[in-house]
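# Coordinates in review
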Amino acid sequence: MTTRVWDYLREYDSEQKDIMDAVETVFRSGQLVLGESVRSFEAEFAGYHGVGHCVGVDNGTNAIKLGLQAMGVGPGDEVITVSNTAAPTVVAIDSIGARPVFVDVRRDDYLMDTSQVESAITERTRCLLPVHLYGQCVEMEPLERLAARHDLVIFEDCAQAHGARHHGRFAGSMGKAAGFSFYPTKVLGAYGDGGATLTSDDEVERNLRRLRYYGMEKTYYVVETPGHNSRLDELQAEILRRKLRRLDRYVDDRRAVAARYADGLGDTDLVLPALAEGNEHVYYVYVVRHPRRDDIIEALKAYDIQLNISYPWPVHTMTGFAHLGYGTGSLPVTEELAGEIFSLPMYPSLPGDVQDRVISALREVLASL
Ligand SMILES: Cc1ncc(COP(=O)(O)O)c(C=O)c1O
């Protein structure tokens, strides 16, 4: 049987009663859109992070897009971020007419190289957008100093970092606002699409609520400023409420999977994930690195083990972003990583014996190179 890089079916087996109860609760509630489940989830997700407000939206891309708009970022503004990310980070910035400006990532943990940010700031820069990639946080202190000095806002992309902490602070609690995805593979995943934006700023919250609801605030019939239809679905919200109660356990289970990989592969020449200073990693993906990545992936096909690459094509080299003017060679570390990184099966319910088969297959392949 194929070993999948991500799978939710074992988790569903053990949680089926709760998930189906969530479905029944919503279907019986008499309120299928923006009802009690969305309201409760928003309060509980904000509470988990110790943040003032949560606004549920339809996916993580729109959590970023509406979040930026709600903070007043718009056409012509520059947003400093990374190219080593999921394309939606950049799609969200581009979709509001703002301009993504890229800095490179660090060679050891693949996160934003904050030492490059100051020289990327221009008079048009409005926002710093760190991506807490793979499950651990960007070092926020240098960004916070720069934001204060240059009067910029910080928006955190937390799509891969539910439950991660940096020096004790939760991902999602450090910027002016933060966007989460609840795409099914995520550390907190729905049974479909979903997203949320966190903020402790009352005005940003008000703007978000309006933006996700056509631009309407007081009554259905009056648009104050044109917005979108980007609501979190009631059904997904109720499922997410149930799963939020288990988030810490999911994270513990992911950490146990990561520890087993470290035990089983620590003496090979694979480069394993590095933990950045002050971080508590949640291992959304378990990214390893090897100069002969493509040979390893090819050889592992014989073992029927699925691997993933996050990400094989840096965003700045994609044809859709050619208008930004970044050529190949402009972000050397990001480009180098794209040719060498790959990710191993990782999800909370990954059985130990399946994981051991991945480890021994990898050891055999590495020994044969
Ligand atoms: C870093 C990052 N940002 C944004 C997104 C967008 O989230 P969604 O797929 O829910 O729109 C994702 C997930 O794909 C992501 O991994």
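As a reminder, the structure under discussion sits directly above these lines.
Just so you know, these numbers come straight off a predicted model, no measurement behind them.

Conventions and cut-offs
Residues numbered from 1 in each chain as written. Predicted model: local features only at pLDDT ≥ 70, side-chain atom pairs only at ≥ 80, totals over all residues. Heavy atoms only, no water. Helix = DSSP H or I, 4+ residues; strand = E, 2+ residues; numbered from the N terminus. Expected span 1.5 Å × (residues − 1). Buried < 20%, exposed > 50% of the residue type's maximum accessible area, 1.4 Å probe, protein only. Arc of directions from axis to C-beta. Contact = heavy atoms within 4.5 Å. Axes fitted to C-alpha atoms, helices over the stretch in contact; angles between N-to-C directions. Parallel < 35°, antiparallel > 145°, perpendicular 65-115°, else oblique. Left-handed = near helix turned anticlockwise from the far one by under 90°. Nonpolar A, V, L, I, M, F, W, Y, C, P; charged D, E, K, R; others polar. Core = buried A, V, L, I, M, F, W, Y, C linked by side-chain atoms within 4.5 Å. Domains from an automatic or database assignment. Pairing = 2+ DSSP bridges. Phe/Tyr/Trp six-rings, centres within 6.5 Å; stacked < 30°, edge-to-face > 60°. Near = heavy atom within 4 Å. Polar contact = N/O pair within 3.5 Å; in protein donor to acceptor, adjacent residues only side chain to side chain. Areas by Shrake-Rupley, 256 points an atom, 1.4 Å probe, with all protein chains shown as cover.

### Section: helix H12 (residues 352–368)
Its 17 residues place the ends of H12 24 Å apart at the C-alpha level, agreeing with the 24 Å of an ideal helix rising 1.5 Å per residue. Looking only at H12, the buried set comprises Val 354, Gln 355, Val 358, Ile 359, Ala 361, Leu 362, Val 365 and Leu 366. Projected down its long axis, H12 shows its buried positions confined to an angular sector of 165 degrees, all on one face. Away from the buried face of H12 by more than 90 degrees, exposed residues Asp 353, Ala 367 and Ser 368 are located. As for H12, its buried residues are in contact with helix H1 (9–29), helix H9 (247–265), helix H10 (293–300) and strand S12 (341–344).

### Some points on unusual backbone geometry
That bond from Ser 310 to Tyr 311 is cis: its omega, 20 degrees, falls within 30 degrees of zero. Structurally, Tyr 311 is set in the loop between H10 and helix H11 (332–338). The backbone of Tyr 283 sits at a positive phi, close to 50 degrees, despite the residue not being glycine. Of note, Tyr 283 is situated in the loop between strand S10 (279–280) and strand S11 (286–289). In this structure Tyr 283 comes out as buried when scored by relative accessible area, which is 14%. Even without a glycine there, the phi angle at Asp 304 is positive, about 60 degrees. Note that Asp 304 resides in the loop between H10 and H11.

### Here we look at the packing of H10 against H12
Helix-helix packing is described using two parameters, namely the angle between the two axes and the distance between the axes. The geometry of H10 relative to H12 is characterised by a closest axis approach of 10 Å and an angle of 125 degrees between their N-to-C directions. Considered as vectors, H10 and H12 are oriented oblique to each other. Regarding H10 and H12, the two cross each other, and that crossing is right-handed. Taking contact as the criterion, the partners of Ile 296, Ala 299 and Leu 300 in H10 are, on H12, Ala 361, Leu 362, Val 365 and Leu 366. For the contact of H10 with H12, the per-class residue count stands at seven nonpolar, no polar and no charged.

### Some words on the nonpolar core
Core analysis: the largest hydrophobic core is formed by 81 residues, its most contacted members being Phe 41, Phe 45, Leu 68, Met 71, Val 73, Leu 128 and Phe 182. Structurally, this core is a two-domain feature, drawing no fewer than three residues from each of domain 1 (15–244) and domain 2 (247–368). The residues contacting Val 73, other than those within four sequence positions of it, are Leu 68, Val 79, Ile 96, Ala 98, Arg 126, Cys 127 and Val 153. The next biggest cluster of nonpolar side chains, apart from the first, holds 27 residues, and it includes Trp 6, Tyr 283, Leu 307 and Leu 344.

### With respect to the packing of H1 against helix H8 (residues 234–244)
H8 packs onto H1 with a crossing angle of 135 degrees between their chain directions and a minimal axis gap of 9 Å. By the angle between their directions, the pair H1 and H8 is classed as oblique. By crossing handedness, the relation of H1 to H8 is classed as right-handed. Across the interface between the two elements, Glu 11, Glu 15, Asp 18, Ile 19, Asp 21, Ala 22, Val 23, Thr 25, Val 26 and Phe 27 from H1 touch Glu 234, Leu 235, Glu 238, Ile 239, Arg 242 and Lys 243 from H8.

### Comments concerning the sheet that holds strand S5 (residues 153–157)
Backbone-to-backbone hydrogen bonds join strands into a sheet, with any given pair of strands oriented parallel or antiparallel. Taken in spatial order, the seven strands line up as S1-S9-S8-S5-S4-S2-S3 in an open sheet, and their pairing is mixed. Of all strands in the sheet, those with a lone pairing partner are strand S1 (53–57) and strand S3 (99–103), marking the two edges. Across the sheet, the mean angle from the axis of one strand to that of its neighbour is 25 degrees, orientation sign disregarded. Examined bridge by bridge, strand S4 (residues 125–128) and S5 share two bridges and lie parallel to one another. Within the sheet, the bridge partner assigned to Cys 127 lies in S5 and is Val 153. The sheet strands contacting helix H3 (residues 60–70) are S1, S4, S5, strand S8 (177–181) and strand S9 (195–199), and the helix crosses S5 at an angle near 175 degrees. Packed onto the sheet, helix H7 (residues 202–211) meets S1, S8 and S9 and runs at close to 20 degrees relative to S1.

### Brief notes about the sheet that holds S10
Pairing in this open sheet of three strands is antiparallel, and the strands run S7-S6-S10 from one edge to the other. The outermost strands of the open sheet, each flanked by one partner alone, are strand S7 (169–170) and S10. In terms of strand pairing, strand S6 (residues 165–166) meets S10 through two bridges, oriented antiparallel. Paired with His 166 across the two strands is Asn 279, which belongs to S10.

### Regarding the packing of aromatic side chains
How two aromatic rings sit relative to each other is set out by the distance from centre to centre and by the angle between their planes. One pass over the structure, following the stated rule, counts 13 aromatic pairs. Note on Tyr 110 and Tyr 134: the rings are 6.3 Å apart at their centroids and 85 degrees apart in plane angle, and the pair reads as edge-to-face. Of this pair, Tyr 110 sits in the loop between S3 and helix H5 (117–120) while Tyr 134 sits in the loop between S4 and helix H6 (141–150), and the two are 24 residues apart along the sequence. Considered together, Tyr 110 and Tyr 134 belong to a single accessibility category, that of buried residues. Chaining the aromatic ring pairs together yields one cluster made of Trp 6, Tyr 8, Tyr 12 and Tyr 191.

### Overview of the site of the ligand
The full set close to the ligand counts 15 residues, and Gly 60, Thr 61, Asp 157, Gln 160 and Ser 181 are the nearest of them. One nitrogen or oxygen atom from the side chain of Thr 89 is found 3.4 Å from a nitrogen atom belonging to the ligand. A distance of 2.8 Å separates a nitrogen atom of the ligand from a polar side-chain atom of Asp 157. Summarising the interface, the protein chains cover 89% of the accessible area of the ligand, which totals 380 Å² for the free molecule.

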